[in-house]
Amino acid sequence: MCGIFAVVNDKHNSSAQTVLEGLKKLEYRGYDSWGIAMKPKGGQVLQVEKHIGKIGQASTSLPAGSIAIGHTRWATHGGVTDTNAHPHLDCTKQIAVLHNGIVENYQELKAKLLTQGHVFISETDTEVIAHLIEEKQKTAKIETAVFETFKELAGSNAIAVLDSKTESVIACRNGSPLVVGMGKDDYYLASDVPAFLKFTNAVHFLLDGEAVILTKTGVSLHDVETHEKKNLVTQHLDWKVEDAEKGGFPHFLLKEIMEQKKTIPKTSQINGEELKKVADKIKIHKKVVMVACGTAFYCALAAKYFFAQSGVQAQTYPAYEFLPFAKFCDKDTVFIAISQSGETADTLIAARNAKKAGAYVVAVINARGSTLERLADSTLLVGAGPEIAVVSTKAFTSQLATLYLLAHDVGGNIVTAQKNLKHLGQVLEGWLNQTLLDKVIALAKNILSHEDMYLIGKHLNYPSTLEFALKIKEASYIHAEPFAAGELKHGVISLIQKGTICFVLAGNDEVKNEVLSSAAELRARGGYIIGIAPFQATEFDTTIQTPDVGDLTLFPNVIVGQLLGYFLGVGRGTDPDKPRNLAKSVTVK
Ligand code: F6R
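Everything quoted here is computed from the prediction, not taken from an experiment. (Residues numbered from 1 in each chain as written. Predicted model: local features only at pLDDT ≥ 70, side-chain atom pairs only at ≥ 80, totals over all residues. Heavy atoms only, no water.)

Engineer: Please give an account of the site of the ligand that cites residues and values.
Structural biologist: Every one of the 14 residues lining the ligand counts as a neighbour, but Ser339, Gln340, Ser341, Thr344 and Glu474 are closest to it. Here Thr295 contributes a backbone N or O atom positioned 3.2 Å from an oxygen atom of the ligand. A distance of 2.8 Å is found between an oxygen atom of the ligand and a side-chain nitrogen or oxygen belonging to Lys471. Bound to the protein, the ligand loses 90% of the 410 Å² it would expose on its own. Elements that contribute at least two residues to the shell around the ligand include exactly α8 (294-309) and α14 (461-476). Classifying every residue of the shell around the ligand by side-chain character gives 5 nonpolar, 7 polar and 2 charged. The residues that make up the shell around the ligand include at least three from each of domain 2 (247-431) and domain 3 (433-576). (Near = heavy atom within 4 Å. Polar contact = N/O pair within 3.5 Å; in protein donor to acceptor, adjacent residues only side chain to side chain. Areas by Shrake-Rupley, 256 points an atom, 1.4 Å probe, with all protein chains shown as cover. Helix = DSSP H or I, 4+ residues; strand = E, 2+ residues; numbered from the N terminus. Nonpolar A, V, L, I, M, F, W, Y, C, P; charged D, E, K, R; others polar. Domains from an automatic or database assignment.)

Structural data, given as structure tokens:
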């Protein structure tokens, strides 16, 4: 995954600066290097600036001009070097290309271009695109050359091309997201809305197979296959500029954790009719399959318990393990794909296969205009707002709250479920505050030097244990291994010795005593037991007490894990917003 951003007819004739600022908003999409290409006022040759490393504090010395494109990279082909950073130029330096995706047939295309005399500078798959356009442009208009080049690229890709001669930006989409922003006389193209939200909230999300041409007189939409013009319809998003800013917090991650006071209860005010529609389908068929990756998969695992409470036996699969089971989907299956971005390649592949088998596909997503949204028969938008930190927090809890509502709608208890979520919101208002942060900071300081931690939980607090552990791993790089409490005796307990950090996640539920017995077993082996629960217990050496909100106690329990991951990360000097090696959405298999 990478970030693409372009501006045409920049208001202040400072297109490079505009692109740099926009790229900073997209840094979560890739942060190993960045680059900008622009056409200087009065000049013919494109000017390019590229650097490895994060873009956060960067500035640019590129000159004045009204058109520029830029990119934040998450390397796939070719190491992290200035040369491999995008944009990539053709031999004439009149065409600059940005790319998100993988050109699967680039070796073959490159071999042919080499025989035609093209000179390659980088090790990337992207550079073939610039030379291929250059070759085709010898006998065709630039837009034709771009469209025809795009058709030759195998794989899931989005490209944006700056053409110096026509002063236009031409972009095509197949798989990787692209969105156009329509200002008054200024036009934007980006991988995600926050890049240009400061200038406009009027947007058009490109579909696969669509292309756009941005010039200073406007934007036109085309079909890549036929080149024909299409009607460009814009929609106005209700996102505010502040949604994509840190709002006084040191990191997006902390801001997004704290926002959950509002985002969780919000889920009970949206999706009313769509929720009912999906619930009615489930009531008829009772065959539910949930698929997702990473955090979103843990959301599926937790939702499975909520469905069970409503008498529905839901199946869950990590999307990348789903294919052998796709054959069991049929027209009676309600297939729920959960994804923050709606662009995760494995989740999309699973959803396409389920659809092919006749399933009714429901997308539970946060980002707008995604591929998953398009391919789904029904969409539940969870409304958490832009999630910028790479580590997912508020999207997870909004997805889970949405599935809690869905499960209870199926069980005929939607009104109670809505009330419970509203109550949870009120409880979080009082609990998720500085006093809690101080407690978590004190705990983080206490355990900061440990390299291994173990966690246990049971039933609803088993998936919350998985998610709690993932937050610690991602944000602080500490090895945190979660287990179902029931698994301990079957081998895992051999890992526990004097001083081993053990978290025990629990609720005031029917398995509380069993979990406390497991905690006692850990303690008897010398483990240092940290209770994350709505009660104190003699089995715990220390406790972060969470509010007792019945079945919803897993929400505050997970929030403690989010905060602990964050503060452990800060304490160990990581960048909690952009953990090493990770990208916000994984658009490649
Ligand atoms: C963890 C995290 C990842 C994502 C996973 C799926 O904090 O962010 O595990 O949950 O890559 O991404 P989406 O939800 O966009 O499909």
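Engineer: Give a description of helix α9 (residues 345-356) that names residues and reports values.
Structural biologist: Across its 12 residues, α9 extends 16 Å between first and last C-alpha, which sits within 8% of the 16 Å expected from 1.5 Å per residue. Tucked into the core, α9 has its buried residues touching β16 (287-292), β18 (333-339), β19 (360-365) and α10 (371-375). One or two residues past the end of α9 sits Gly358, with phi positive at roughly 105°. (Expected span 1.5 Å × (residues − 1). Contact = heavy atoms within 4.5 Å.)

Engineer: Lay out the sheet that holds strand β1 (residues 3-8) in plain terms, naming residues and giving numbers.
Structural biologist: Within a sheet, neighbouring strands are paired by backbone hydrogen bonds and run either parallel or antiparallel to one another. Pairing is antiparallel across the open sheet formed by 8 strands, whose spatial order is β3-β2-β4-β1-β10-β9-β11-β15. Every other strand in the sheet has two partners, leaving β3 (47-52) and β15 (235-236) as the edge strands with one partner each. Sheet topology note: the strand β11 (residues 202-205)/β15 ladder contains 2 bridges and is antiparallel. Within β15, the position partnered with Val203 by the bridge is Gln235. (Pairing = 2+ DSSP bridges.)

Engineer: Quick one: what's the story with the pattern of salt bridges, residue by residue and with numbers?
Structural biologist: This model, assessed by the stated rule, comprises 30 salt bridges. Salt-bridge contacts for Glu225 lead to Lys151; the nearest nitrogen and oxygen are separated by 4.0 Å. Taken together, the residues Glu225 in the loop between β13 (218-223) and β14 (229-230) and Lys151 in helix α4 (residues 142-152) connect sequence positions 74 residues apart. By relative accessible area, which is 55% here, Glu225 ends up exposed. Taking relative accessible area as the criterion, Lys151 reaches 32% and is therefore assigned partly exposed. Asp208 is the partner of Arg173 in a salt bridge, and the nearest nitrogen-oxygen pair spans 2.8 Å. Taken together, the residues span a long stretch of sequence, with Arg173 in strand β8 (residues 168-174) and Asp208 in the loop between β11 and β12 (210-215) at a distance of 35 residues. (Salt bridge = Lys/Arg side-chain N within 4 Å of Asp/Glu carboxyl O. Buried < 20%, exposed > 50% of the residue type's maximum accessible area, 1.4 Å probe, protein only.)

All we've got here are geometric facts, nothing functional implied.
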